[in-house]
Amino acid sequence: MNCCLKPTDEVLLDLKTTKDGLTQKEAEKRLLENGKNKLAEAKKDSALKRFFSQMKDPMIIILLVAAAVSAITDIVEAGKAVLPTDSLIILFVVIVNAVLGVVQESKAEKAIEALQEMSAATTKVLRGGKTETVKSEDLVPGDIILLDAGDAVPADCRIIECMSMKIEEAALTGESVPVSKIVDALMQNTEKEIPLGDRKNMAYMGSTVAYGRGKAVVVSTGMNTEMGKIASAISLTREGKTPLEIKLSELSKVLTKLVLAVCAFIFAYDIIAKFFLASPKPEFIDVALNSFITAIALAVAAIPEGLVAVMTIVLAIGVTNMSKKNAIIRKMTAVETLGCTQIICSDKTGTLTQNVMTVVDRYGEDGKFLASAMALCTNAEVDEDGKSTGEPDEVALINYANKLGIQKEKLLASNPRVGEIPFDSGRKMMSTVHKDENGFVQYTKGAPDEILKKCAFVRVGKEVLPLTEEKKAEILRANTEMGNRALRVFAAGYKTYEKEPTDYSPEKLENEMIFIGLVGMIDPVRPEVKAAIEECREAGITPVMITGDHINTAKAIARELKILSDDTEAMSGADIDKLSDEEFKEVVQKIRVYARVQPEHKTRIVNAWRSLGFVTAMTGDGVNDAPSIKSADIGIGMGITGTDVTKNVADMVLADDNFATIVSAVGEGRRIYDNIRKAIQFLLGSNLSEVLSIFFSSVMNFTILKAPHLLFINLVTDCFPALALGLEKEESGIMKRKPRPKNEGIFSGGLGFDCFYQGVLVTLLTVASFYIGEFLETGHLVFRNIADSSEGMTMAFFTMSMCEIFHSFNMRSQRKSSVAMLFKKHHNKALYLAMAASLLLTTAVVEIDFLSNLFGFAKLDAKAYAISLFLAFLIVPIVELVKAVQRAVERRKEK
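Residues numbered from 1 in each chain as written. Predicted model: local features only at pLDDT ≥ 70, side-chain atom pairs only at ≥ 80, totals over all residues. Heavy atoms only, no water.

A. A look at the overall build of the protein. For the protein, the helix and strand inventory stands at 34 helices and 25 strands. Dimensions along the principal axes, computed over C-alpha positions, put the protein at roughly 120 × 75 × 50 Å. Per-residue burial over the protein gives 53% buried out of 895 residues. The long-range fraction of contacts in the protein, counting pairs at least 24 apart against all pairs at least 6 apart in sequence, stands at 72%. (Helix = DSSP H or I, 4+ residues; strand = E, 2+ residues; numbered from the N terminus. Buried < 20%, exposed > 50% of the residue type's maximum accessible area, 1.4 Å probe, protein only. Contact = heavy atoms within 4.5 Å.)

B. Expanded view of the environment of Asp-366. Along the chain, the position of Asp-366 falls in the loop between strand E10 (358-363) and helix H12 (367-376). On the basis of relative accessibility, which here comes to 17%, the residue Asp-366 falls in the buried class. Here the alpha-carbon distance between Asp-366 and Gln-758, two residues 392 residues apart in the chain, equals 80 Å. If we skip the residues at most four places from it in the chain, Asp-366 touches Arg-459, Gly-461 and Lys-462. A distance of 3.2 Å separates a polar atom in the side chain of Asp-366 from the backbone nitrogen of Phe-369. One polar contact links Asp-366 to Lys-462, side chain to side chain, over a distance of 3.4 Å. (Polar contact = N/O pair within 3.5 Å; in protein donor to acceptor, adjacent residues only side chain to side chain.)

C. Spatial organisation of the sheet that holds strand E23 (residues 616-620). Strand order in the open sheet made by the eight strands is E8-E25-E24-E23-E9-E20-E22-E21, with mixed pairing throughout. Each edge of the open sheet carries a strand with a single partner, namely strand E8 (327-329) and strand E21 (570-572). Sheet twist, expressed as the mean angle between neighbouring strand axes with direction ignored, is 20 degrees. Sheet topology places E23 next to strand E24 (residues 634-638); four bridges connect them, and they run parallel. Residue pairing in the sheet places Gly-620 in a bridge with Gly-637 of E24. (Pairing = 2+ DSSP bridges. Axes fitted to C-alpha atoms, helices over the stretch in contact; angles between N-to-C directions.)

D. Geometry of the pairing of strand E1 (residues 122-127). Alignment of E1 against strand E2 (residues 130-135), held across six bridges, turns out to be antiparallel. In the strand pairing of E2, Thr-123 is matched with Val-134. In textbook terms, the turn of a hairpin is the stretch between consecutive antiparallel strands, and for E1 and E2 this stretch comprises two residues, one of which, Gly-128, has a positive phi near 65 degrees. Bridge analysis of E1 against strand E3 (residues 144-148) gives three bridges, and the strand direction is antiparallel. Within E3, the position partnered with Leu-126 by the bridge is Ile-144.

E. Focus on the pattern of salt bridges. Applying the stated criterion across every chain yields a total of 38 salt bridges. Lys-181 is paired through a salt bridge with Glu-169; the nearest N and O atoms lie 2.6 Å apart. Of this pair, Lys-181 sits in the loop between strand E5 (179-180) and strand E6 (202-203) while Glu-169 sits in the loop between strand E4 (156-168) and helix H6 (170-173); the two residues are 12 residues apart in sequence, bridging distant segments of the chain. As far as the burial class goes, Lys-181 and Glu-169 line up, both buried. Notably, a salt bridge pairs Arg-459 with Asp-366, separated by 3.3 Å at the nearest N-O pair. Taken as a pair, Arg-459 in strand E16 (residues 455-460) and Asp-366 in the loop between E10 and H12 lie far apart in primary sequence, 93 residues in all. For Arg-459, a relative accessible area of 14% gives the class buried. (Salt bridge = Lys/Arg side-chain N within 4 Å of Asp/Glu carboxyl O.)

F. Local environment of the environment of Met-802. Relative to the elements of secondary structure, Met-802 occurs in helix H29 (residues 790-810). Each C-alpha atom, one on Met-802 and one on Leu-839, is 7.0 Å from the other, the two residues being 37 residues apart in sequence. Sequence-distant contacts of Met-802, defined by excluding residues within four places in its chain, comprise Leu-839, Thr-842, Leu-869 and Ala-872.

G. Focus on the pairing of strand E14 (residues 429-436). Counted residue by residue, E14 has seven buried out of eight residues, so it is predominantly covered. Examined bridge by bridge, strand E13 (residues 417-424) and E14 share five bridges and lie antiparallel to one another. Residue pairing across strands places Gly-419 opposite Val-433, the latter belonging to E14. Sheet topology places E14 next to strand E15 (residues 439-446); eight bridges connect them, and they run antiparallel. Bridging from a neighbouring strand, Val-433 pairs with Gln-442 of E15. Hairpin remark: E14 followed by E15, antiparallel, with two residues in the connecting loop.

H. Region of interest: the state of the cysteines. Enumeration over the complete set of coordinates arrives at zero disulfides. A disulfide-free cysteine, Cys-345 has its sulfur positioned 11 Å from the sulfur of Cys-536, the nearest such atom. Just so you know, Cys-719 is unpaired, no disulfide at all, and the nearest cysteine sulfur is the one on Cys-755, 16 Å from it. (Disulfide = S-S within 2.5 Å.)

I. Seen up close, the nonpolar core. Formed by 114 residues in total, the largest nonpolar core has its most connected members in Phe-659 and Ile-875. For this core, the element with the most residues is helix H25 (residues 659-699), which contributes 15 residues. If sequence neighbours within four positions are ignored, Phe-659 has contacts with Ile-344, Ser-346, Thr-351, Leu-352, Val-529, Ala-532, Ile-533, Cys-536 and Pro-543. Counting 26 residues, the second largest nonpolar core, distinct from the first, contains Val-359, Tyr-400, Leu-411 and Ala-492. (Core = buried A, V, L, I, M, F, W, Y, C linked by side-chain atoms within 4.5 Å.)

J. Inspection of H25 at higher detail. With 41 residues, H25 should cover 60 Å at 1.5 Å per step; its first-to-last C-alpha distance of 60 Å lies within 8% of that length. Taking burial as the measure, the 41 residues of H25 include 35 buried ones, the bulk of the element. Positive backbone phi, at 65 degrees, marks Asn-701, one or two positions downstream of H25. (Expected span 1.5 Å × (residues − 1).)

K. Structural context of unusual backbone geometry. In this model, Ser-164 sits at a positive phi of 55 degrees, which is unusual for a non-glycine residue. Residue placement: Ser-164 occurs in strand E4. Unlike most non-glycine residues, Asn-701 shows phi in positive territory, near 65 degrees. By secondary structure assignment, the location of Asn-701 is in the loop between H25 and helix H26 (707-717).

L. Representation of the confidence of the model for the protein. Residues with a pLDDT of 70 or more make up 91% of the protein, whose mean pLDDT is 85. Across residues 232-240, where pLDDT falls below 50, the model places 14 contacts with residues more than four positions away in sequence or in other chains. (pLDDT = per-residue confidence, 0-100.)

M. Representation of a nonpolar patch on the surface within the structure. Together, Leu-64, Leu-88, Leu-91, Ile-95, Val-99 and Val-103 make up a nonpolar patch on the protein surface, roughly 430 Å² of accessible area in all. Among the elements that make up the nonpolar patch, the one with the highest residue count is helix H5 (residues 85-118) (five residues). Summarising the element assignment, Leu-91 is placed in helix H5. (Patch = residues over 30% accessible without salt bridge, like charges linked within 9 Å, V, L, I, M, F, W, Y side chains within 5 Å. Areas by Shrake-Rupley, 256 points an atom, 1.4 Å probe, with all protein chains shown as cover.)

Structure below.
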């Protein structure tokens, strides 16, 4: 069906629909027949494929090599086929790790899908004559949709009503200039099909309404659209790795290289010390195999197997929590960047204020005529229940007219609209043309200063008089007086015609108008925003207010919110235009309020802050805000008032359009980053202690722990507490510290030193436990060349495991006392459960015969158990003492 060649009535007839749209029942039936209005997605990898992809990790390959070598060694040593216990344990751990990886990947994917569902595109549609908002994927052929500036076109449509509508079709046609749309059927002059870019009465999926508004009937959905023909299978865009993930990936590569180097060194050292320097010389094959096993154990010890999994889960949980607080993260990088935010540039209307406008004052002698003009020059509508719907300012104007007994629907019945010039931020006004009993009349409303420029006359009572300079000054004084009271002021003018205008350009119509009057409306400040602004200041974040309102209105609101302390901190868009980029950079740090701004001013503001090295967040809702949102470090779209264009380029979308939600998200971003650092410190410190223990025992020529023991600690003892650390609540004062630098390294703030000394501490306690175990088993103490000591190995294992469990308690805060947090009732129940689970599992491995034999452990009596536990517990008071010293040093530095 070539819809562009047919009149609208014929198209509606072909689609078996009307201008009132489909009934709900018919829409549901067609949805079942046609399927969802979305493009086909690439097939997801099967669970089996995902499982094997986990095996590609270099660290896993090292573990598999370790299992194979361990099996060969067992067979060589036994001289016959035996059950390779250590190899089976390593394989079991590798398989469990791979399964957990698949499960975690699936959970993360589901979390992202849930977020996508929350931020799913919606469309205004007529169903049974009523305007409804439905998910774009639920549209069907025959649906009548309403399109406004900023909307993404959700399906292929035939335009049936058009009010100066222009559509950006670059994604389909490559045409960079928005295309003006029409309603009339096209003429086909040749047998060739009309090119896509010339179908001016059509709107296609993937394009965006740049200007004006209109109605259209859906003709094709999903894979039947032009977009669907271009891409037979399009998968969901995967976000690139976050900066932290990149840093961890780089760390993993460095660790792998370091592991291989250290393993090579230990292998060579063992060969030299235990073969070439030994007397008498043992069998070379025995020395080589034992040395290789030691090197493999060291490799296992150095690899933080759970680090990536913990990182993924902590981020996924954090993002889900943020969505519950109305901050929907669209790009994972935003989570990290939020914690660095130094500047928040926020729109005033709806973000700092409630976006519930009410007319409270007017200027002009004929109040009823003023209210009628304002009501007619709006696109807001009144539903069957008598409720006004549309832009808040326009709803306020209709409600004001209603209070005076003037109903818009009755006005339109006697004054039907025949044309309009839509509002745009450049002109700061809109105009509608209506037929009345005397001919035609044009009503224009907008910013008072802009309307006055276009007026030559003024209505005084029932008379029309020339607009003198004195009268203009009087009007401007009234405007200023309203603005000083934080009122948003609109002006109205009109113009009459004998015949309907043929040229609906602003240049032709919006001049020589008759000024009617002013109305002042107020949008109350959100009550929670004052506290959020104060929290910003305490957190070292500078709030900046940006508005299209008059500068006096902006100043009044900013003073109430304590954003503005002096009038010199306010600037208008016109003032920005007078400054070069270099001049603007010199003053931008002094300005807290911008009024009468254009979208391009917002981009300049963002770029000026960023050029000075500040991490900047910017909010936006209109289609023209997209460039400034893209330019910001964190672009924030509005979930309620925002257009599809701004939401699509935003890093984060506010479901409630509330400034306080931004501040809450910053706090959550800081908490997530803090917790990831805690998990990194905990896991790397643990791995360092294992490496040092293996290295020391190798040099001293005894076996302290084997590869399966280390794997158990890494993947069982460590993983559960590390995950629980990711759920730690924010520390007190998290929003009272300055934002961290954007390029701050993982090991900044003393984290590298903490990892090192804590790793050394655990090593000393573990080695001490081994020697005590050896003494309890043999009755004498030998420091070098020790034959396998099962009790020493068991005590070392138990002490190291318990050390990690107790140490996870220390990691609740890098500097604050974890013990003090208990008394302040700052608890992490997930961590307590993880610690208990790890304790039970570790005890089970040591005490249950089957598991104990499998790992080659000895049974520990009460005395050995108590000593191991005591040594492990020492990690808590020692780290608490070091923290106290570090806090004292930091306090001294601050002085």
